[in-house]
Number of protein chains: 2
Amino acid sequence: MNAHASAPRFLEPRHLELLREIAARRTLAAVARATHRTPSALSQQLRTAERELGVKLVEPDSRGVRLTPAGQLLAEGADEVISSLARVQARLDAATGAPRGQVSIGTLPSAGQVLLPQLLHRLRDTAITVSLDDFDIAEADFAARALDADIVISHSLSGEVPRGAEGLISTVLAREPIDVVLPADHRLAAQAQLRPQDVVDHEWIGVPEGYPFDAIPVAVEQLTGRPVHRALRLRDNHLLEALVGAGAGIGLLPRFSTRPAPGVVLRPLVGVSAARAIVALSRPDRYERLAVRTVTDHLVGIGAELMETYAAT
Amino acid sequence: MNAHASAPRFLEPRHLELLREIAARRTLAAVARATHRTPSALSQQLRTAERELGVKLVEPDSRGVRLTPAGQLLAEGADEVISSLARVQARLDAATGAPRGQVSIGTLPSAGQVLLPQLLHRLRDTAITVSLDDFDIAEADFAARALDADIVISHSLSGEVPRGAEGLISTVLAREPIDVVLPADHRLAAQAQLRPQDVVDHEWIGVPEGYPFDAIPVAVEQLTGRPVHRALRLRDNHLLEALVGAGAGIGLLPRFSTRPAPGVVLRPLVGVSAARAIVALSRPDRYERLAVRTVTDHLVGIGAELMETYAAT
DNA sequence: TGCATTCATGTAGGCAACCTACATGCTCGG
DNA sequence: CCGAGCATGTAGGTTGCCTACATGAATGCA
């Protein structure tokens, strides 16, 4: 653990980032998958880092590896260094005028559907390119995606920031009402708006437990003191809409991203808090990049336009 | 100036440092000399940096180069990044227990003579190695040496920090009286201490103009209103002492670093400020390194011991 | 208690990056 | 007008990083 061979002038950001990734993902293989490299490459990098620094950075730990205290220290320092690098780069980009580079976005399908077409339009003729991933997951899992993507478009019904997003930069893009979706010939369709006691005794099509939308039927149950019967639990909004149209029950859909099909109608739900916050999440060091900030700013603008559009109607 | 080819994940510290060096040294050839590389290597690095960033960083400027605004921006950012890297490294070193690496010291010969033997002794059995350079130069030139060395041991008669050392970390290591050196059989040798009017009319052996010690005869001239006659101007203290012993005149020597030869004696000079501050200078980013701080701390300790030793006698 | 899965790590070879040596061309000063 | 000093280009060697593949260890399930 001695015999350090002519250490390079600097601690290498490459190594720091690797350590941070290991700290976050717990296993070399996971880091390798996330960074599109082989575990072998990472293992070799670790060894050269250890050789350069003269310290052990990882230890075997059952099936995987564990950071040594020294490794952990560097992993923590990584944020500081990488943020500083990104800050300088951002200043350069700002001076050069045009932010550049690839911004990776992970998004809910429903929110992405209304936000991203506009975004791509706005990014046309800029040096920013976008890579996309989409997923529909439990509220608490959105934060984990901020490891992979520069910006995660998530939603929260519990407040302004999704659970688990502590330590992330979170920006509210819009507040979107969640409406009740009914067959057009449903008895309740005659009412302009619906109260909890109107809907509690009908057959529901819900979402899996832990999914944000589930907060609404839960609130209805608490308010009325009666159980909501969820006949089905689905993730995909369009599938749900189709089933509602087929008379399988009533459901909930976000207002902006739903253009009701002929057989169904949307009705506002009043008397419980029935809205979601659409929130962009970023890890602080990723948010230092000007391109990332720029995209986030655009998303804020698009969200504001969206709310205006619907407020006007 | 477009067509950026898959920029690496990070701004490279290597490039930032290069730009900072160019900002400081004004010419590629000078940087090449200072970093022991060829100008060609630097030129190529610049081109790759420009390719990666998609910005021109330098422009031809008469015989040399000049940083573009973008280059200047990055050169300024370099301090931030490199300091941050060094800070993390310092934390690692502190945790590992032992600071490591090479610390380059540039020093005055006289101060080095009394400080460095002790320093090397203290660094025995540590992982710190020292490289040395020595020079005897004008007070205002010491700061420039902080570009090359991690620690510059300099001195100032004008105050606590040498002129030109703004922006550098400066640490006072010791205050050393400057005594008058006389032939042992000189008439003034009978006095325990000497006043300006005692010495002004004798033949002096001085230092080149601008050198710190010259401040003392200048003060004597101002105080007495009479000119000091400098028969010779020398840099080397031992040479001066030998010539004083040979009766060529009287001179000034720092007390700690002079062990008077048989034929000469030292006498304190009172009535003017006759002392120098021995000061360690470091560029802030270099000072972030734990090894550099450790060596500086040792120097402070050695300086304190030195003053105690002389106060006791 | 096997047996497949999931890790980490080692080796060999390709590919790109960096540097030196050398040559060329430009700019200034005598 | 010529030489000194500087930047830049090219060719070639060396090093470093990564993939592909093989090995070995630990885990969890039948």
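Residues numbered from 1 in each chain as written. Chains lettered and ligands numbered in written order. Predicted model: local features only at pLDDT ≥ 70, side-chain atom pairs only at ≥ 80, totals over all residues.

Per an unreviewed UniProt entry, the recorded name for chain A is DNA-binding transcriptional LysR family regulator, and the organism is Nesterenkonia aurantiaca. If you open the UniProt record of chain A and go to Sequence similarities (unreviewed entry), you find "Belongs to the LysR transcriptional regulatory family." (UniProt positions renumbered as here; feature names shortened; annotations may be inferred.)

So, on to the overall build of chain A. What chain A contains, in helices and strands, is 11 helices and 11 strands. Structurally, chain A occupies a C-alpha span of about 80 × 50 × 30 Å along its principal axes. Sequence separation of at least 24 residues holds for 74% of the intrachain contacts in chain A that already meet a minimum separation of 6. (Helix = DSSP H or I, 4+ residues; strand = E, 2+ residues; numbered from the N terminus. Contact = placed C-beta atoms within 7 Å.)

So, on to the packing of helix α4 (residues 69–96) of chain A against helix α4 (residues 69–96) of chain B. α4 of chain B packs onto α4 of chain A with a crossing angle of 175° between their chain directions and a minimal axis gap of 10 Å. Considering their axes alone, α4 of chain A and α4 of chain B lie roughly antiparallel with respect to each other. (Axes fitted to C-alpha atoms, helices over the stretch in contact; angles between N-to-C directions. Parallel < 35°, antiparallel > 145°, perpendicular 65-115°, else oblique.)

Moving on, we get to the interface of chain A and chain B. Note on interface size: it is often stated as the accessible area lost on association of the parts. In this assembly, 23 residues from chain A lie in contact with 23 residues from chain B. Among the elements that line the side of chain A that touches chain B, the one with the most residues is α4 of chain A, at 15 residues. Here the residues of the side of chain A that touches chain B sort into 14 nonpolar, six polar and three charged. (Nonpolar A, V, L, I, M, F, W, Y, C, P; charged D, E, K, R; others polar.)

A few words on the domain arrangement of chain A. Under the domain assignment used here, chain A contains domain 1 (13–82), domain 2 (100–175 + 277–312) and domain 3 (176–275). Between domain 1 of chain A and domain 3 of chain A, the C-alpha centre-to-centre distance is 47 Å. (Domains from an automatic or database assignment.)

Moving on, we come to the protein's contact with DNA strand C. DNA strand C sits among 21 residues. The nearest are Leu-28, Ala-29, Pro-39 and Ser-40 of chain A together with Ser-62 of chain B. Looking at the surface near DNA strand C, the elements with two or more residues in it are α2 (28–35), α3 (39–53) and β2 (64–67) of chain A together with α3 (39–53) of chain B. Grouping the constituent residues of the surface near DNA strand C by class yields seven nonpolar, 10 polar and four charged. (Near = placed C-beta within 6 Å.)

Quick look at the packing of α2 of chain A against α3 of chain A now. Residue and element names in this part refer to chain A. Interaxial distance between α2 and α3 falls to 8 Å at its minimum, and their mutual angle equals 115°. When the axis of α2 is compared with that of α3, the two are roughly perpendicular. You can see that α2 and α3 cross each other, and the crossing is right-handed. Contacts between α2 and α3 pair Leu-28, Ala-29, Val-31 and Ala-32 from the former with Pro-39, Leu-42 and Ser-43 from the latter. A class-by-class count of the residues in the contact of α2 with α3 yields six nonpolar, one polar and no charged. (Left-handed = near helix turned anticlockwise from the far one by under 90°.)

The next thing to look at is the relation of the copies chain A and chain B. Here the second copy of the chain follows from the first by a rotation about an axis and a shift along it. Structural alignment of chain A on chain B gives an RMSD of 0.2 Å, achieved by rotating through 179° and translating 0.0 Å along the axis. This pairing of chains is accounted for by a two-fold axis. In this assembly the copies share their binding face: 96% of the residues contributing to the interface of chain A also contribute to that of chain B. (Least-squares fit on C-alpha atoms with pLDDT ≥ 70 in both.)

All right, on to the UniProt feature "domain: HTH lysR-type" (unreviewed entry) in chain A then. Following the UniProt record, one finds the feature "domain: HTH lysR-type" (unreviewed entry) at residues 11–68 of chain A. Strand forms 14% of residues 11–68 of chain A and helix 62%; the C-alpha atoms that close the span are 17 Å apart.

On to the environment of Val-180 of chain B, then. Residues and elements named next belong to chain B. Tracing the sequence through the fold places Val-180 in strand β6 (residues 169–183). A tally of 26 C-beta atoms within 10 Å means that Val-180 is categorised as buried. Ignoring anything within four residues of it in the chain, the contact list for Val-180 reads Leu-194, Val-199, Ile-250, Leu-252, Arg-267 and Leu-269. (Buried ≥ 20, exposed ≤ 12 C-beta atoms within 10 Å, placed from the backbone.)

Let us now look at the protein's contact with DNA strand D. DNA strand D sits among 23 residues. The nearest are Ser-40 and Ser-62 of chain A together with Leu-28, Ala-29 and Ser-40 of chain B. Put simply, the parts of the chain that give the surface near DNA strand D at least two residues each are α3 of chain A together with α2 (28–34), α3, β1 (58–61) and β2 (64–67) of chain B.

Another point: the confidence of the model for chain A. Per-residue pLDDT for chain A has a mean of 88; in total, 97% of the residues score no lower than 70. Predicted confidence for residues 1–5 of chain A stays below pLDDT 50, and this span has seven contacts to residues more than four positions away or in other chains. (pLDDT = per-residue confidence, 0-100.)

With that out of the way, let us pick up helix α9 (residues 237–245) of chain B. All names here are of chain B. The set of residues buried in α9 consists of Asn-237, Leu-240, Glu-241 and Val-244. Taken down its axis, α9 places every buried residue within 100° of arc, on the same side. Gly-247, located one to two residues past α9, shows a positive phi value of around 85°. (Arc of directions from axis to C-beta.)

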